[in-house]
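# Commentary on secondary and tertiary structure
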Amino acid sequence: MKILKIAGLATALIAGISMQVQAQSWDMPTPYPDKTFHTVNIMQFAKDVEAATSGSMKIKVHSGASLFKHAEISKAVRGGQVPIGEFFMGLLANENPAFGTDTLPFLATNYGDAEKLWAAQKPAVQALFDKQGLQILFSVPWPPQGLYTKKEIKSVDDLKGLKFRTYNATLETFAKMAGAAPTQVAVPDISQAFSTGRVEAMITSPSTGANSKAWDFLSHYTDIQAWIPKNVVVVNKKAFRKLDAATQAAVLKAAGEAEKRGWEMSRAETAAKVKILKDNGITVVQPSDELMNGLRAIGATMLKDWKAAAGAEGAAILQAYSK
Ligand code: PCA
């Protein structure tokens with residue numbers, strides 16, 4: 001009896017070990033905190049992959065830039081240190097202008113146009129990622145970007161000299177051209193950067209403003225709806241090819257669902273998070289014509305410069321977008 005029990009235990013142990021050997025576990029760095037809707041969506045993606053593979057494929061999400069700093073994530077996936085990761089696509093705008101197409105001011109400012117722009121931009125960025133040994137799994141937009149300040153902003157002149165929090169090269173140029181003084185600050189550091197006076201204004205989504213409790217350090221949100229930038233989830237192609245066919249299919253299916261769900265979450269976020277800003281005492285204002293005309297003029301100059309820098313590739317994106 002005792003021997004049987006021991007034999008049974010040994011069999012169970014061996015089965016457990018062989019299951020562990022077969023099971024895949026991927027570490028996935030992401031830049032934004034847990035309650036960010038992008039992170040929530042990615043957690044669901046990981047769960048879906050696990051469920052679809054009966055637990056043989058696990059994706060462990062390391063949110064809030066806890067595994068790699070945001071700027072390091074794309075390189076870590078390229079170098080194969082991790083098989084998968086998420087980052088803000090426009091962060092790569094200084095590598096190639098095509099990556100920053102969705103951060104161009106006033107090119108696509110509503111979700112319908114943002115969808116069109118993604119379809120137009122995707123072939124170009126897919127080709128660029130492909131050369132880096134990466135494959136796109138899915139991409140999800142942030143809500144339209146608005147202006148956060150400590151006073152009412154009636155024209156571009158009112159932005160002169162403001163210490164301005166930015167998140168990529170395109171936004172830095174926009175801030176500079178508006179006469180502000182840009183500083184890059186990662187999302188988890190926003191509230192500290194404001195409270196210590198390093199910055200005093202920013203452009204970001206209602207999501208990031210509300211999640212950062214913007215009411216603790218500023219008073220006005222001007223709904224300029226300047227652009228709809230995206231995060232992207234990429235996979236290292238070599239790591240992906242190592243998965244068996246059924247697992248690859250499960251990852252791709254879950255990715256397709258995550259993209260669809262993410263866009264829906266983003267649309268829903270916009271109104272919900274503006275309401276939270278209002279409920280917490282932020283003055284939400286519609287921009288004056290004077291402010292919008294000034295900002296649009298900066299956007300037009302930036303688009304001209306972008307066209308010159310992006311060459312034939314850029315022209316193809318814009319042509320596909322205008323169809
Ligand atoms: N939130 C991120 C990127 C765009 C957004 O809405 C940020 O502020 O860095």
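Residues numbered from 1 in each chain as written. Predicted model: local features only at pLDDT ≥ 70, side-chain atom pairs only at ≥ 80, totals over all residues. Heavy atoms only, no water.

### Some thoughts on the site of the ligand
Just so we agree on the cut-off: By convention in this text, a residue qualifies as near a molecule or strand provided that one of its non-hydrogen atoms is within 4 Å of it. Pairs of N or O atoms are called polar contacts if they sit within 3.5 Å, as long as, within protein, a hydrogen donor faces a hydrogen acceptor (for residues adjacent in sequence, only side-chain-to-side-chain pairs). Residue exposure ignores everything except the shown protein chains as possible cover, and the areas themselves are Shrake-Rupley values with a 1.4 Å probe. Residue polarity follows a fixed list, in which Ala, Val, Leu, Ile, Met, Phe, Trp, Tyr, Cys and Pro are nonpolar, Asp, Glu, Lys and Arg are charged, and the others, Gly among them, are polar.
Tyr32, Phe88, Trp142, Gln145, Arg165, Tyr167, Val187, Thr204, Ser205 and Thr208 make up every residue found near the ligand. Measuring from an oxygen atom of the ligand, one finds a side-chain N or O atom of Arg165 at 2.7 Å. Out of a free accessible area of 260 Å², the ligand has 98% covered by protein chains. Classifying every residue of the shell around the ligand gives five nonpolar, four polar and one charged.

### Notes on helix H9 (residues 245–279)
Quick reminder: α-helices carry 3.6 residues per turn. Residues three or four places apart thus point the same way. So the rule is basically this: Note on conventions: DSSP H or I runs of at least 4 residues are helices, E runs of at least 2 residues are strands, and numbering of each starts at the N terminus. Expected span of a helix: the number of residues minus one, times 1.5 Å. A residue's bend is the angle separating two fitted axes: one through the seven residues that end there, the other through the seven that start there.
Over its 35 residues, H9 runs 49 Å from end to end, which matches the ideal 51 Å to within 8%, given 1.5 Å per residue. In H9, a bend of some 35° at Glu269 exceeds every other bend along the element. Downstream of H9 by a residue or two, Gly281 has a phi angle that is positive, lying close to 95°.

### Concerning the side chain of Thr101
Heads up, the condition is: Under the scheme applied here, a residue whose accessible area is under 20% of the maximum for its type counts as buried, over 50% as exposed, and between as partly exposed, the area being computed with a 1.4 Å probe on protein chains only. Residue contacts are counted whenever heavy atoms from the two residues lie within 4.5 Å of one another.
Along the chain, Thr101 turns up in the loop between strand S3 (84–88) and helix H4 (111–131). According to the relative accessible area criterion, Thr101 is buried, its value standing at 0%. Setting aside anything within four residues of it in sequence, one finds Thr101 in contact with Leu107, Leu117, Gln121, Trp306 and Ile317.

### Here's the deal with the pattern of salt bridges
Note the threshold: By convention in these notes, a salt bridge is any Lys or Arg side-chain nitrogen within 4 Å of a carboxyl oxygen on Asp or Glu.
Per the stated rule, a full pass over the model turns up 11 salt bridges. Residue Asp102 pairs with Lys230 through a salt bridge whose shortest N-O separation is 2.9 Å. Of this pair, Asp102 sits in the loop between S3 and H4 while Lys230 sits in strand S10 (residues 230–236); the two residues are 128 residues apart in sequence, bridging distant segments of the chain. Of the charged contacts in the structure, one is a salt bridge between Lys273 and Glu269, with a shortest N-O distance of 3.3 Å. Taken together, the residues Lys273 and Glu269, both in helix H9 and four residues apart, mark about one turn of the helix.

### Here's the deal with the confidence of the model for the chain
Cut-off, in case you're wondering: What pLDDT expresses is the predictor's confidence in each residue, scored from 0 to 100.
Residue-level pLDDT values for the chain average 94, and 93% of them are 70 or greater. Between residues 12–21, whose pLDDT stays under 50, and residues either more than four places distant or in other chains, the model counts zero contacts.

### Observations concerning the sheet that holds strand S9 (residues 220–222)
As a general point, the strands of a sheet are linked pairwise by backbone hydrogen bonds and lie either parallel or antiparallel. Heads up, the condition is: A pair of strands is treated as paired once DSSP finds two or more bridges between them. With axes taken as lines fitted to C-alpha atoms, and helix axes fitted only over the stretch in contact, angles between N-to-C directions fall between 0 and 180 degrees.
The strand order across the open sheet built from six strands is S7-S6-S8-S5-S9-S11, with neighbouring strands paired in mixed fashion. The sheet is open, and its two edges are formed by strand S7 (181–184) and strand S11 (283–285), each paired on a single side. Along the sheet, successive strands turn relative to each other by an average axial angle of 25°, direction set aside. In terms of strand pairing, strand S5 (residues 146–149) meets strand S8 (residues 201–204) through three bridges, oriented antiparallel. Bridge assignment links Gly146 to a residue of S8, and that residue is Thr204.

### Quick word on the packing of H4 against H9
Note the threshold: Each angle gets one of four labels, with under 35 degrees taken as roughly parallel, over 145 as roughly antiparallel, 65 to 115 as roughly perpendicular, and the rest as oblique. The crossing is said to be left-handed when, going from far helix to near helix, the turn is anticlockwise and less than a right angle, and right-handed when the turn is clockwise.
Taken N-terminus to C-terminus, the directions of H4 and H9 make an angle of 150°; their axes are 12 Å apart at the nearest point. Classed by the angle they form, the pair H4 and H9 counts as roughly antiparallel. Relative to H9, H4 is oriented so that their crossing is right-handed. Contact residues: Tyr111, Ala114, Glu115 and Trp118 in H4; Glu259, Trp263, Ser266, Arg267 and Thr270 in H9. Class assignment for the residues of the contact of H4 with H9 results in four nonpolar, two polar and three charged.

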